Amino acid sequence: MTQTVAVLGTGKIGEALLSGMIRAGWRSADLLVTTRRSDRAEELRNRYGVEPVTNAEAAKRADTLILAVKPQDMGKLLDELAPHTASDRLVVSAAAGITTAFIEERLAAGTPVVRVMPNTPVLVDEGMSVISAGSHATPAHVAHTEEIFGGVGKTLRVPESQQDAATALSGSGPAYFYFLVEAMTDAGILLGLPRAQAHDLIVQAAIGAAVMLRDSGEHPVKLREAVTSPAGTTISAIRELENHGVRAALIAALEAARDRSRALASGNG
Ligand SMILES: NC(=O)C1=CN([C@@H]2O[C@H](COP(=O)(O)OP(=O)(O)OC[C@H]3O[C@@H](n4cnc5c(N)ncnc54)[C@H](O)[C@@H]3O)[C@@H](O)[C@H]2O)C=CC1
Ligand SMILES: O=C(O)[C@@H]1CCC=N1
């Protein structure tokens, strides 16, 4: 049976997912999008050949609705969808903080809801999407969600109680690495390298390190020890990172992200 999937609120993450679904073999004809602005709708139609529709039309025509609006816009979107969404539709939310219960309360009784926290590397098929079932979602609904998000990276099922932590780690995670690359590129400038060269050196170091982390099966401590020669350069840098509390800063940062995700649960921001 052909499944129609609609992405509601096709902004950064919605478009990243949409582009990945098309790469993974979804037919444009089976994909609908909704946007707030008509120029954005036309942009998506021209770029991907998908049909822009209203939220109400998406609710009527799509088997699966992927909600990708900001948490603060979710209450309003659900109010708009409620009169048009039959309880046999699968509703997948990608919004940080918003619980499956928040969505279930606002839609027809028994509507299956799945909560997903993806990340922007879905754009390059290296996404990490963390998935939890709501109270009416069956294993088939979760499997269908895994099929969609598994086409653009890895998926992991977690209890919904762990979603805020997952948001702090993998949802926001890419931003931390971009921040580190940006800071280390500046350090390269300080050390006298041209910016473009500093950028290339640190990006390739990051790619190499990421592949080793993924493929070597070694603990990160072991990998770091292999770089850290006695009385060498690396240990001098590591001492400064420890002196400046970088480890503690990362723990505090991820705790703050987790707390922010929890605070977004009200949908008020
Ligand atoms: N950007 C990211 O890395 C990630 C974002 N998310 C979640 O995805 C959601 C969207 O985030 P972004 O894509 O970054 O934001 P965004 O602002 O780029 O996208 C949201 C889009 O929804 C549209 N929109 C708002 N209300 C609408 C409505 N009633 N009907 C149709 N369209 C509507 C907006 O015009 C906007 O284009 C958030 O809930 C966020 O927590 C989840 C994982 C990663
Ligand atoms: O910053 C945010 O709130 C969203 C959720 C995870 C990544 N971006």
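A quick note: this is a predicted structure, and the numbers were derived from the prediction, not measured. (Residues numbered from 1 in each chain as written. Chains lettered and ligands numbered in written order. Predicted model: local features only at pLDDT ≥ 70, side-chain atom pairs only at ≥ 80, totals over all residues. Heavy atoms only, no water.)

1. What about the site of ligand 1?
Working step 1: With respect to spatial proximity, 21 residues lie near ligand 1, and among them K12, I13, N55, V69 and A96 are the closest.
Working step 2: Here an oxygen atom of ligand 1 and a backbone polar atom of K12 are 2.9 Å apart.
Working step 3: Here an oxygen atom of ligand 1 sits 2.9 Å away from a polar atom, N or O, in the main chain of A96.
Working step 4: Surface burial for ligand 1 is 81%, taken as the share of its 810 Å² of free accessible area covered by protein chains.
Working step 5: At the level of secondary structure, the elements contributing two or more residues to the shell around ligand 1 comprise α1 (12–23) and α4 (71–81).
Working step 6: A per-element tally of the shell around ligand 1 places α4 first, with four residues.
Working step 7: Residue classes in the shell around ligand 1 are distributed as 10 nonpolar, six polar and five charged. (Near = heavy atom within 4 Å. Polar contact = N/O pair within 3.5 Å; in protein donor to acceptor, adjacent residues only side chain to side chain. Areas by Shrake-Rupley, 256 points an atom, 1.4 Å probe, with all protein chains shown as cover. Helix = DSSP H or I, 4+ residues; strand = E, 2+ residues; numbered from the N terminus. Nonpolar A, V, L, I, M, F, W, Y, C, P; charged D, E, K, R; others polar.)

2. Observations concerning the side chain of S132
Working step 1: Here S132 lies in strand β7 (residues 127–133).
Working step 2: Polar side-chain contacts of S132 include one of 2.8 Å to the backbone oxygen of V158.
Working step 3: Not counting residues up to four positions away in its chain, the partners in contact with S132 are V114, R115, V158, P159, E160 and Q163. (Contact = heavy atoms within 4.5 Å.)

3. Some thoughts on the UniProt feature "domain: Pyrroline-5-carboxylate reductase catalytic N-terminal" (unreviewed entry) in the protein
Working step 1: Mapped onto this structure's residue numbering, the UniProt feature "domain: Pyrroline-5-carboxylate reductase catalytic N-terminal" (unreviewed entry) falls at residues 4–97.
Working step 2: Helix makes up 44% of residues 4–97 and strand 19%, and the two end C-alpha atoms of the span are 26 Å apart. (UniProt positions renumbered as here; feature names shortened; annotations may be inferred.)

4. A few points about the domain arrangement of the protein
Working step 1: Each domain of the protein was delimited in the assignment, giving domain 1 (5–160) and domain 2 (173–263).
Working step 2: The partner domain 2 presents five residues to the eight residues of domain 1 that form the contact.
Working step 3: Summed over the shared surface of domain 1 and domain 2, the number is one salt bridge.
Working step 4: Among the salt bridges present, the one from E126 reaches R214, with a minimum N-O distance of 3.8 Å.
Working step 5: Applying the counting criterion to the domain 1 and domain 2 interface returns one residue pair in polar contact (both at pLDDT 80 or more).
Working step 6: Among the residues forming the side of domain 1 that touches domain 2, the class breakdown is two nonpolar, four polar and two charged. (Domains from an automatic or database assignment. Salt bridge = Lys/Arg side-chain N within 4 Å of Asp/Glu carboxyl O.)

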